[in-house]
Amino acid sequence: MGKVIRKTWMIIGSIGVLLSVKYVSHAFTPIMPKHVQSQFTKPFYMDTLILSHKPSSTDAIGMNPRQLAVEALARYNNKGSMEVVSYLESSEAFLLASQRDKSFARNLVSTTFRRLGQIDTILSICCSSYPPKGKYGRILKACLRVGVSQLLFLDTPSFAAVKETIDVLKYESVGAPKPIIQFANAVLRRVDRERAELLERTDVCDNISIRLRKEFESLYGVEATHKIVHQLLDDSAHQFVDLTLRSEVDMDTIITAFEADAKKRFHSILTLPNGSLRIKKNSNAGSIAYWPLYEEGLWWVQDVSSTLPAIALIKALEKEHNVEKDVLSKYHVVDCCAAPGGKTSQLLSAGLTVTAIEASPRRSRRLVENLSRLKFSQDKFKIAVCCGQEWFPDENIDVKGILVDVPCSATGTGSKRPDVLQKDCDLGNLLSTQEALANHCADNILKPGGIMVYATCSLLREESEDQVLRLLERGNMEMLPFEKGEMPGFDDAIHENGWLRVLPGVLGNELKRCDGFFAARLKKL
């Protein structure tokens, strides 16, 4: 009997397949033979273990990408994409997967969320009753959604998209009965056969809330709304990363380092009009922390749109005070709501002294980490962990300018967070918070002649233009309009009132691929 047990353990150790038992490491490890224990570098915890009827394609004790995606989507049935991706990336099985399978699983989840409206419309056509209910309802719905996502939006070969997705229902821990498996198979095969006709019965705007669609159409018109939504839901968005460089860094040095990458992780590098670099990455790009010159602190990730507020403040200070960079180094500015630190880094890179204000301790730690990696001199910045409305400058500090990038609905960031487009925009306390923060900065931080840049990553007028008009009505601020040629590449985003309204998909050339953004520049009287 002892020989049989030892032999069984040797088989498990060699092929790496766990038996159909629910394990937690503190209970399981003591009876595990040492030669099997040595395969694990840390405890292996799982509250739910989906096991395959055959070895997984990623890791002997892990899940393949479709399993990972379906498990995450089924577990977080009514949550937003950020919560689902966070669950996915924190699961032990995901951490054990190869980099390629991690990327595919992440892409499956994010694409499914981006196209959820169209996917569910198609499934409602193809199913007599949708969404499915009962014991297997959630896992079945997740499988169908992932299958349609692959067939219609990810160019996955039909055989793989159907068979390997359906296989998830066959795993022992799911145990779906044969009729459910046959039903799912029939639905996905119909979608595959009729994909063109089914897609024609949907609209890209099906993926955003009805209320938000009406709001966009009233603000920007039907044609522009389709351009905006189409760009925000672009399925290739994850392939592109924008980098901002430290001002003293030679751009050719960065470009050469990426082009010379021995692993061929990068497809192309493009210089944008504002001075950013846009990297199109290959599937093997891996973690940004391992990209060329990351550790040297020569660049940071920042969407091209979000560079505009800091550029606007820097140019206004140069123009209003008729100074160069060496004089700017004597000026003190404030970055309100500063994390993760892109705008703070721009200001520091321009030579300014910066107080960065961030209410969240967690985000403040990330801000510290980022500024440390970028090797900015610690005597040039301070980080205040508090609400912006609670911060007052010391009497000896003359604040020349302030960036007020207020908390907002983030509807302009739908390419990264598609869930923000699927919710009805109940702004709740946001509007009062935005107004209070802007008023406090105008009344208690800036002195006469000081410059404020009010910014949001929202596409909604209530959070942006209306707040600026309300600020102007108080009588102690005036507009400093943006001028043609001042913001390279963004002339068409300058409104007749002098502010910037950047709409994804609307600007020409490569700048159509950007977050939605608003910025207005004001001067205290």
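Residues numbered from 1 in each chain as written. Predicted model: local features only at pLDDT ≥ 70, side-chain atom pairs only at ≥ 80, totals over all residues. Heavy atoms only, no water.

S.K.: A description of the state of the cysteines should follow, citing residues and the corresponding values.
M.R.: Scanning all chains against the criterion turns up zero disulfides. Not engaged in a disulfide, the cysteine C408 finds its nearest cysteine sulfur in C457; these two sulfurs lie 3.5 Å apart. Here C408 falls in the buried class, since its relative accessible area comes to 17%. (Disulfide = S-S within 2.5 Å. Buried < 20%, exposed > 50% of the residue type's maximum accessible area, 1.4 Å probe, protein only.)

S.K.: A description of helix α7 (residues 99-114) should follow, citing residues and the corresponding values.
M.R.: For α7, which comprises 16 residues, the first-to-last C-alpha distance of 22 Å matches the rise-based estimate of 22 Å (1.5 Å per residue) to within 8%. Of all the residues in α7, the buried ones are D101, K102, A105, N107, L108, V109, S110, T111, T112, F113 and R114. (Helix = DSSP H or I, 4+ residues; strand = E, 2+ residues; numbered from the N terminus. Expected span 1.5 Å × (residues − 1).)

S.K.: Give me the environment of Q302: which residues, what numbers.
M.R.: Within the secondary structure, Q302 sits in the loop between β4 (299-301) and α16 (308-321). Here the alpha-carbon distance between Q302 and P340, two residues 38 residues apart in the chain, equals 9.7 Å. Aside from chain neighbours lying at most four places away, what touches Q302 is D242, L243, T244, T307, G342, K343 and Q346. A polar contact is formed between the side chain of Q302 and the side chain of T244, at a distance of 2.9 Å. (Contact = heavy atoms within 4.5 Å. Polar contact = N/O pair within 3.5 Å; in protein donor to acceptor, adjacent residues only side chain to side chain.)

S.K.: Account for unusual backbone geometry, with residues named and values stated.
M.R.: Of note, the bond from Y130 into P131 is cis; its omega dihedral lies within 30 degrees of zero at 5°. For the peptide bond that leads from A339 to P340, omega is 5°, which places it in the cis range. Positive phi, close to 65°, is recorded for L293, a residue that is not glycine. You can see L293 is positioned in the loop between β3 (277-281) and β4.

S.K.: Go over the packing of α7 against helix α9 (residues 137-153), please, and point to the residues and values.
M.R.: Axis separation between α7 and α9 bottoms out at 9 Å; the angle between their running directions is 90°. Put simply, α7 runs roughly perpendicular to α9. Counted together, F104, L108, T111 and T112 of α7 and R145, V146, S149, Q150 and F153 of α9 form the full contact between these two elements. In the contact of α7 with α9, the residues fall into four nonpolar, four polar and one charged. (Axes fitted to C-alpha atoms, helices over the stretch in contact; angles between N-to-C directions. Parallel < 35°, antiparallel > 145°, perpendicular 65-115°, else oblique. Nonpolar A, V, L, I, M, F, W, Y, C, P; charged D, E, K, R; others polar.)

S.K.: Give a description of the packing of aromatic side chains that names residues and reports values.
M.R.: On inspection of all chains with the given rule, the structure shows nine aromatic pairs. Relative to W291, the ring of F258 lies with its centre 6.0 Å away and its plane at 90°, an arrangement referred to as edge-to-face. In this pair, F258 is assigned in helix α15 (residues 251-259) and W291 in the loop between β3 and β4, connecting sequence segments 33 residues apart. Of the residues examined, F258 reaches a relative accessible area of 2% and is grouped as buried. For W291, a relative accessible area of 3% puts it in the buried group. Relative to F376, the ring of W300 lies with its centre 6.5 Å away and its plane at 65°, an arrangement referred to as edge-to-face. Of this pair, W300 sits in strand β4 while F376 sits in the loop between α19 (361-373) and β7 (381-385), placing them 76 residues apart in sequence. On the accessibility criterion, F376 (9% relative accessible area) is buried. Clustering of aromatic rings is evident, with ring pairs tying together F258, F266, W291, Y294 and W299. (Phe/Tyr/Trp six-rings, centres within 6.5 Å; stacked < 30°, edge-to-face > 60°.)

S.K.: Quick one: what's the story with the environment of R213, residue by residue and with numbers?
M.R.: Position of R213 among the secondary structure elements: in helix α13 (residues 210-220). Put simply, R213 and Q422 are 209 residues apart on the chain and 9.8 Å apart in space, counted from C-alpha to C-alpha. Once residues within four sequence positions are removed from consideration, R213 is found in contact with D203, C205, D206, I208 and H226.

S.K.: Can you break down the pattern of salt bridges residue by residue, with the values?
M.R.: Under the counting rule described, the total for this entry stands at 30 salt bridges. Here D120 and R145 are joined by a salt bridge, their closest N and O atoms 2.8 Å apart. You can see D120 sitting in helix α8 (residues 116-126) and its partner R145 sitting in helix α9, a full 25 residues away along the chain. Taking relative accessible area as the criterion, D120 reaches 18% and is therefore assigned buried. A cluster of three or more residues bridged by salt bridges with shared partners is formed by R114, R115 and D235. (Salt bridge = Lys/Arg side-chain N within 4 Å of Asp/Glu carboxyl O.)

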